[in-house]
Structures are given as C-alpha cells and as structure tokens.
Amino acid sequence: MTKKTIEIKKVRTRIAPSPTGPAHIGTARTALFNYLFAKQNNGDFLLRIEDTDTQRSEQRWTDEVIEQLKWLGIEWNEGPDIGGNCEPYKQSQRLDIYEKYLKQLLEEKKAYFCFCTEEELENKRQEQMSRGLAPKYDGKCAHLSDAEINKNIAENKSCVIRFKVQNKKVKFNDLIRGEVEFDTGLLGDVVIAKDLNSPLYHFAVVVDDFLMQISHVIRGEEHLSNTPRQILIQEALGFYQPIYAHLPLMLNMDRSKMSKRQGDVAISDYHKNGYLPEALINFMVLLGWNPGTEREMFTLAQLIKEFSIEKVQKAGAVFNTQRLDFLNGLYIREKSIEKLTELCVPYLKEAGLLVQGQISQNKLQEIVEISKTRMKKLSDIAGLSDFFFGDKLVYEKDLLTWAKMGSGEVKDSLAFSEKILSNVKEWTLKSLETEMFSASEKFNIEKGYPEKNKGYMLWPLRVALSGKSTSPSPFEIANILGKEKTLKRISDAIKMLS
Ligand code: GLU
C-alpha cells in the first residue's frame, strides 16, 4: 500500500455537510474557502450531502444548507439540486457504490467483520485504561477464520466492519500547516461500516472524494486527526491522495472553541438578524485569511482574485462579532436607499410597525435614510425608527429634562418650541434647522441659560418627538413627521408635565 500522488487535471473542491442540524457558520466559512480556491483556479466546486448517519440526518437540514449557501452567493458546479457528472451527490443514494468498495477491502483482507459486543469492547477499554494504556481495539476479530465469520453471520450476530490500520507513520503536506506526521499505531482498527449497506463517514468520504475527483480537501482543523485514517483507507483502495488544507479553528472572543451547541452559530440566525450576505462573506474570509494589507472590504469577485490559501494562518481565528457588526454597518450604508428600504421592510412588518398603505414609499425611505447611520444590522431598523409609526409615544416624562431644568422650565421650553414650529412657513429640513437654532439662542437669552447650549430647547423637543434618549435630531424627525404630528407630540408632552 503506497501513496499515489495526485495528478491534477482540474482543481475540484467540495463542501460536504452532514445534514444533522442547522447549517453552521463554520460550514459557510469552509464552503467559502473551497469556493474561492476553486474559482481562482478555474476549477469546480461541489456540494455533497454526507447523510450516512440515517438517525440524525433530515431532509430539512439539506434544504437549509442549500438555501443559506445560495443566500450567501456561494454557488456550486455540481450538487444534489443541480446534478453533475458524478451523480448522485447524496451519500444515502450511493450505498451500492460503497458496498462494492467494502467488499473489495473484505476480499483483500484489508477489512474484516467484527462481532465484539459493546459490553466486551467496554470491558476491554476499562482494562486498558486501568493499565495506563490509551484505549484501542485489540484486533481480536481480525483473526477469525472464514468458517467462524460465516457461522456468526448465519446466526445473525450483530457486527461492524473494521479497517485494518497498519502501524506506520503517515505523512502529508498540508497547504496551511506544512508537513504533518501521525503515528497510526495509536489508532486501532477503525470501524468503517455498520454493515455492507451502512458505511460510516471515514469510508464514504474517501470513496466519494476519489470518485468525484476532488483534488483539494479544504476543511476545518477538527478533521486534521481524521486525515491519517482516511489516507490509509485511500492507500488500501489504491486511490490517489488529494491535497489537504486544514483551516484554523474558529474561536469565541474568550478564545474558547466555537461549538455547534452554542447559540447563534447557524447561518440562518445571521440571515434572520439582518446581516447582509456581502458582510458575512467579507467577515468569514478574514477568519483565518490575512490579505496582508489594511484593506477591509472585499466583494466575492475581488476575493476570487485576491484570496490565497498560502496566506491562511494556522492559529485559531477569533470570531469577533463587533467586527462583523462594523462590517455589516459599512455594507448597509453602501446600499442604495431604495434597496436598503426594501431590505428593511420585512423587519418593520415583523415588528408590527408597518401597516399596509399607512406610509408612503418616500416617507419610508426618509425614515431609513436617517436611521441607517446607527444601523449595525437590518433588524435594528425597528428599534431605531419605531417612533415614526403610530400616534402615541410611551416614555418616562423625566426623560424630557435637560440638565437641571425643573418640570416648569421643561414645559416652558416645549411651549416655546410649539410656538415657533406652529409659525414655520416652509416645513423643510433646512428651514426647520435654521429657525430652531436661532430660536434656541433667543430662548436661552430670555431664560438666562448659557447662550450656546442648545440642549435647553432641543433636548425636550427631541424627546417629545421621539420618546428616546438617543435619536436623530429634532429637525430631521419633525421634517419626516410633518407639522401636524409634530405639534401633536409636543402638546402630548406638555400634558404629561401638567
Ligand atoms: N461531513 C463532514 C462534516 O460535516 C465533512 C468532512 C470533510 O470535509 O471531510 O464535518
């Protein structure tokens, strides 16, 4: 069994998710790196569904991973939804193929049926551990005669198929980690199938990567320790060895390992919360790849040109959500106002703010326009703009107070604003701003407040219009609300103080 070197005719990469739960953000990053690498080499990128775990695999998770990867703009050349030359692309539909190769290994005595019971195996494990040894299968069933095997099978004894692991040093050259060497002596004979029709991951992955002519296996570091087993299986089957690249682990901010069990790791969560696919792509590529420049924003097309697998780091990549929010904000502000408004509408509807026909498209765009500087994600729009919708605001009256003003003074301030605003002729942002600024100075002089401190007039006004401690300026809000609503809100606030 010797290593066959791959002769690359065409770069072919793949993403091979197991549909046992919501599509993970780590899967999206791996898909992205595979996609970029394939595209920049004029190669093919494949989607293969690894659903050999029939207990845990569900069609809805296959549908979801397809939907979410498409949303991100990552497209494949071959896959279960579009077909291709190496069909089928779902492992559960390839069982006859695996059976053929399992039989080959059994015939060549490179694999064997193992009839050890769970209890027996557990006892052996305990016994080995009590002697201070790392537990591994002792190879008992490797020595059964054909007659014994046939008898056990005839008796319907439950069994698995084990692959004979040779004790040796497996070396391979990882594009990211350089030369990697493993001693397979510690592994023990690995279970590669439950029976001829039920292959397990290590086996199916090797067969498929070969038959689908995968040239580069780019996957997460958690698979690094699987690689030596898979290389031995390749060698036993006479397959070539693909080129490996193991991407760095994704870490939480405290540098602990990100796991599927933690919240907010599903791609769909990011989608639902209003992250833009462009921002996520940009963010994910920086989880391990260093462009070597200060540049922060990359489109998918630019990444196809600029990305290089050699510049991917070995060290874990910290998943910094603040950076994601920052990038998302940049992409949000890059959108045309028409597009951004369209993207915000579902979030406004979901929050019950947008009732059909209640607000014009122009007004809606104005609302989005003044809210967008504060938006980190699309879902923020609801909390940032809710006060524009509906008639009555709910807030604590103390919020109306600026500095050490008493409630009577706040009332005076609001009454002053009311008077000025009811006389404003031209209700535009420009004139509202000019009139209110000069009124504010007059007001301060009249009341003996510091002349330049606009808060005495503008803070109570802004709160009366928004009900919030932070919001756009009162001019911007008044401009969008219109004269009638603006005056109504001021008089509501005055009433609250009475
Ligand atoms: N089905 C494996 C997973 O979801 C893929 C492993 C591989 O890329 O080889 O982790």
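That block above? That's the structure.
**Section: the overall build of the chain**
Then comes step 1: Assigned secondary structure in the chain consists of 19 helices and 14 strands.
Then comes step 2: Taking 2.2 N^0.38 as the reference for a compact globule, 498 residues should give roughly 23 Å; the C-alpha atoms of the chain span a radius of gyration of 32 Å, well beyond that estimate.
Then comes step 3: Here the C-alpha coordinates of the chain stretch approximately 105 × 50 × 40 Å along the principal axes.
Then comes step 4: Here the chain holds 498 residues, and the buried ones make up 50% of them.
Then comes step 5: Within the chain, counting contacts between residues at least 6 apart in sequence, those at least 24 apart form 75% of the total.
Then comes step 6: Total accessible area on the chain stands at roughly 24,100 Å², and carbon and sulfur atoms take up 49% of it.
Then comes step 7: Here the chain holds 71 positive side-chain charges and 69 negative ones, and the gap between their average locations is 2 Å.

**A short note on the site of the ligand**
Then comes step 1: Neighbouring the ligand are Arg14, Ala16, Pro17, Ser18, Glu50, Tyr201, Val205, Arg219 and His223.
Then comes step 2: Note that an oxygen atom of the ligand is positioned 2.9 Å from one of the side-chain N or O atoms of Tyr201.
Then comes step 3: Computed on the free molecule, the ligand has an accessible area of 300 Å², of which 81% lies beneath the protein chains in the complex.
Then comes step 4: Its residues assigned to classes, the shell around the ligand comprises four nonpolar, two polar and three charged.

**Some thoughts on the packing of helix H3 (residues 95-107) against helix H6 (residues 201-211)**
Helix-helix packing: each pair is described by the crossing angle between the helix axes and the interaxial distance.
Then comes step 1: Relative orientation of the contacting elements H3 and H6 amounts to 110°, with a least axis distance of 10 Å. By the angle between their directions, the pair H3 and H6 is classed as roughly perpendicular. Of the residues in H6, those in contact with Ile97, Tyr98, Tyr101, Leu102 and Leu105 of H3 are Phe203, Ala204, Val207, Asp208 and Leu211.
Then comes step 2: Classifying every residue of the contact of H3 with H6 gives nine nonpolar, no polar and one charged.

**Considering the pattern of salt bridges**
Then comes step 1: Throughout the structure, instances matching the rule amount to 35 salt bridges.
Then comes step 2: Note that Glu278 is salt-bridged to Lys335, the shortest N-O span being 2.5 Å. With Glu278 in helix H9 (residues 277-285) and Lys335 in the loop between helix H11 (321-334) and helix H12 (337-350), this pair connects stretches of sequence that are 57 residues apart.
Then comes step 3: A salt bridge links Asp412 to Lys447, with the nearest nitrogen and oxygen atoms 2.8 Å apart. Pair noted here: Asp412 is in helix H15 (residues 407-422) and Lys447 is in helix H16 (residues 429-447), with a separation of 35 residues, a long-range link.
Then comes step 4: We classify Asp412 as partly exposed; its relative accessible area is 36%.
Then comes step 5: Several salt bridges converge on common partners, so that one network encompasses Arg14, Arg48, Glu50, Arg94, Asp208 and Asp209.

Analysis parameters
Residues numbered from 1 in each chain as written. Predicted model: local features only at pLDDT ≥ 70, side-chain atom pairs only at ≥ 80, totals over all residues. Heavy atoms only, no water. Helix = DSSP H or I, 4+ residues; strand = E, 2+ residues; numbered from the N terminus. Rg over C-alpha atoms; globule rule 2.2 N^0.38 Å. Buried < 20%, exposed > 50% of the residue type's maximum accessible area, 1.4 Å probe, protein only. Contact = heavy atoms within 4.5 Å. Areas by Shrake-Rupley, 256 points an atom, 1.4 Å probe, with all protein chains shown as cover. Lys, Arg positive; Asp, Glu negative; His and termini not counted. Charge placed at Lys NZ, Arg CZ, Asp CG, Glu CD. Near = heavy atom within 4 Å. Polar contact = N/O pair within 3.5 Å; in protein donor to acceptor, adjacent residues only side chain to side chain. Nonpolar A, V, L, I, M, F, W, Y, C, P; charged D, E, K, R; others polar. Axes fitted to C-alpha atoms, helices over the stretch in contact; angles between N-to-C directions. Parallel < 35°, antiparallel > 145°, perpendicular 65-115°, else oblique. Salt bridge = Lys/Arg side-chain N within 4 Å of Asp/Glu carboxyl O.

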